[in-house]
Amino acid sequence: MVFRLSDEQQAIRQAVREFGEAEIEAIAREHDEERKYPADLVDEAAKLDFIAPNIPREYGGAGMDTLSSTIITEELWRADPGIGSAIGSRGFGSNMINKYGDEWMKEEWLTKIAAGESACASAISEPAHGSNVAGMETRAEKDGDEWVLNGNKMWITNGTVADVAVVMAKTDPDAGRKGISAFLVPTDTDGFSAEKIDNKLGIRASDLAELLFDDVRIPEANLIGEENEGFYQLMDFFASGRVSVASQAVGAAQAALDAALEYATEREQFDQQISDFQAIQHKLAEMATNVEAARSLTYRAASYVEAGDDQLATKFASMAKLFASEHAVDVADEAIQVHGGAGFVTDHPVERYYRDARITKIYEGTSEIQKNIIADNILQ
């Protein structure tokens, strides 16, 4: 099978790359060191349709296909994973609103998210329940014409900058995954609070928080989709979420490879460039091969998601996330090795890429979870 990007997709890649080179790369180190959210870049990114590009045109979005969105994520992370994460994650939860939300939710929130006016958070994980979504303890109880939410969520991207959150909560505590529902919760609702998590290893420019719900009251109309169907609604987006993380990993790996190539052709030892040494050439060759393999697998998974082929999308999304994330860390590690001692300090960005890439092996399902999914799929 011969695979080529369309002219439009190539133009999208070029536009994001130009944005990254002009607006992101020069400030990346500062935002990492100061753990600074890139709020100043949001308006421009929104104008260029880099924020939640999958939001339909009727709600102000670009209505892009899965592969185009994947390319945007990859290139944002290539410019800088931390800032790329901050920009690319502002639409977290918008897929749930778009597919299962009522029309008023879409008109009120999707338009604001696409315009860069509002950020959304997707609140799923809890302190005691990460991969085990069915074990969540956050409760939503009906009280007249309102829902009352109590509990807390952990490791939530955009937790302190979001204007609205898609919150998963138990509406039937004894029913496991069959008792989970999704809710739209504006973050200015009484009883809602967010505590910023600042001591992160990587992607420090992105926002991460613990969310607390203390008798948070929302109208019954804020239920997204059907009561007790939240887990199954969420399953619709597992594959696309994992493709997104795979594309993040590809972007981080490409950035590390780029840095290693540049350094290898500049650094001299024993009166020659270190790129002349076979040991360095072999490292670079393996790194480049793994980046391209990860990219190909990620794009293939994106094509299955776009086609709506659930079985192939599930298998290949997990394969892409597993392969791309594992090799992103390996490529970044080898990039440090190419730099030698210079790679161990912040004078060069490769140490940052190494720290940033590590998260891709964890969120949206750990590598171990992906292996379980792949094994289940191929053993059927």
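Preceding block: the structure.
Residues numbered from 1 in each chain as written. Predicted model: local features only at pLDDT ≥ 70, side-chain atom pairs only at ≥ 80, totals over all residues. Heavy atoms only, no water.

Moving on, we get to unusual backbone geometry. A positive phi is found at Trp-155, a non-glycine position, where the angle reads about 60 degrees. Inspection of the secondary structure puts Trp-155 in strand 3 (residues 146-157). We note that Phe-270 has phi near 55 degrees; this positive angle belongs to a residue other than glycine. Within the secondary structure, Phe-270 sits in the loop between strand 9 (268-269) and strand 10 (272-273). (Helix = DSSP H or I, 4+ residues; strand = E, 2+ residues; numbered from the N terminus.)

Turning our eyes to something else, we now look at the nonpolar core. Soluble, globular proteins show a tendency: their nonpolar side chains are buried together. Membership of the largest hydrophobic core comes to 45 residues, with the highest contact counts inside it found for Met-287 and Val-331. Here this core takes 14 residues from helix 9 (residues 238-266), the largest share from any one element. The next biggest cluster of nonpolar side chains, apart from the first, holds 42 residues, and it includes Ile-12, Ile-55, Val-166 and Ile-180. (Core = buried A, V, L, I, M, F, W, Y, C linked by side-chain atoms within 4.5 Å. Buried < 20%, exposed > 50% of the residue type's maximum accessible area, 1.4 Å probe, protein only.)

One ladder, built from five bridges, connects strand 2 (residues 139-143) with strand 3; its direction is antiparallel. Pairing of Ala-140 across the sheet is with Leu-149, part of strand 3. Hairpin connection between strand 2 and strand 3: a loop of two residues separates the two successive antiparallel strands, and Gly-144 in this loop has a positive phi of roughly 65 degrees. (Pairing = 2+ DSSP bridges.)

We now examine the pattern of salt bridges. For the coordinates displayed, the defined rule picks out 22 salt bridges. Taking the shortest distance from any N to any O, the salt bridge between Asp-236 and Lys-99 comes out at 3.2 Å. Of this pair, Asp-236 sits in the loop between helix 8 (230-235) and helix 9 while Lys-99 sits in helix 6 (residues 94-100), and the two are 137 residues apart along the sequence. Put simply, Glu-220 and Lys-142 hold a salt bridge, and the shortest N to O gap is 3.2 Å. Here the residue Glu-220 occupies a position in the loop between strand 7 (208-219) and strand 8 (223-224), and Lys-142 occupies one in strand 2, the gap between them amounting to 78 residues. In this structure Lys-142 comes out as partly exposed when scored by relative accessible area, which is 44%. Each member of the salt-bridge network shares a partner with another, and the members are Arg-13, Arg-17, Glu-74, Glu-75, Arg-78, Asp-258, Glu-292 and Arg-295. (Salt bridge = Lys/Arg side-chain N within 4 Å of Asp/Glu carboxyl O.)

Turning next to helix 11 (residues 310-339). The terminal C-alpha atoms of helix 11 lie 42 Å apart, and with 30 residues this matches the ideal 44 Å at 1.5 Å per residue to within 8%. Gly-340 occupies a position one or two residues after helix 11 and carries a positive phi of about 65 degrees. (Expected span 1.5 Å × (residues − 1).)

Before going further, it helps to spend a moment on the packing of helix 9 against helix 10 (residues 278-307). Where helix 9 meets helix 10, the closest approach of the two axes is 9 Å, and the angle between their N-to-C directions is 155 degrees. With respect to helix 10, the axis of helix 9 lies roughly antiparallel. Along this stretch, helix 9 crosses helix 10, giving a crossing that reads as left-handed. In terms of residue class, the contact of helix 9 with helix 10 is built from 19 nonpolar, four polar and one charged. (Axes fitted to C-alpha atoms, helices over the stretch in contact; angles between N-to-C directions. Parallel < 35°, antiparallel > 145°, perpendicular 65-115°, else oblique. Left-handed = near helix turned anticlockwise from the far one by under 90°. Nonpolar A, V, L, I, M, F, W, Y, C, P; charged D, E, K, R; others polar.)

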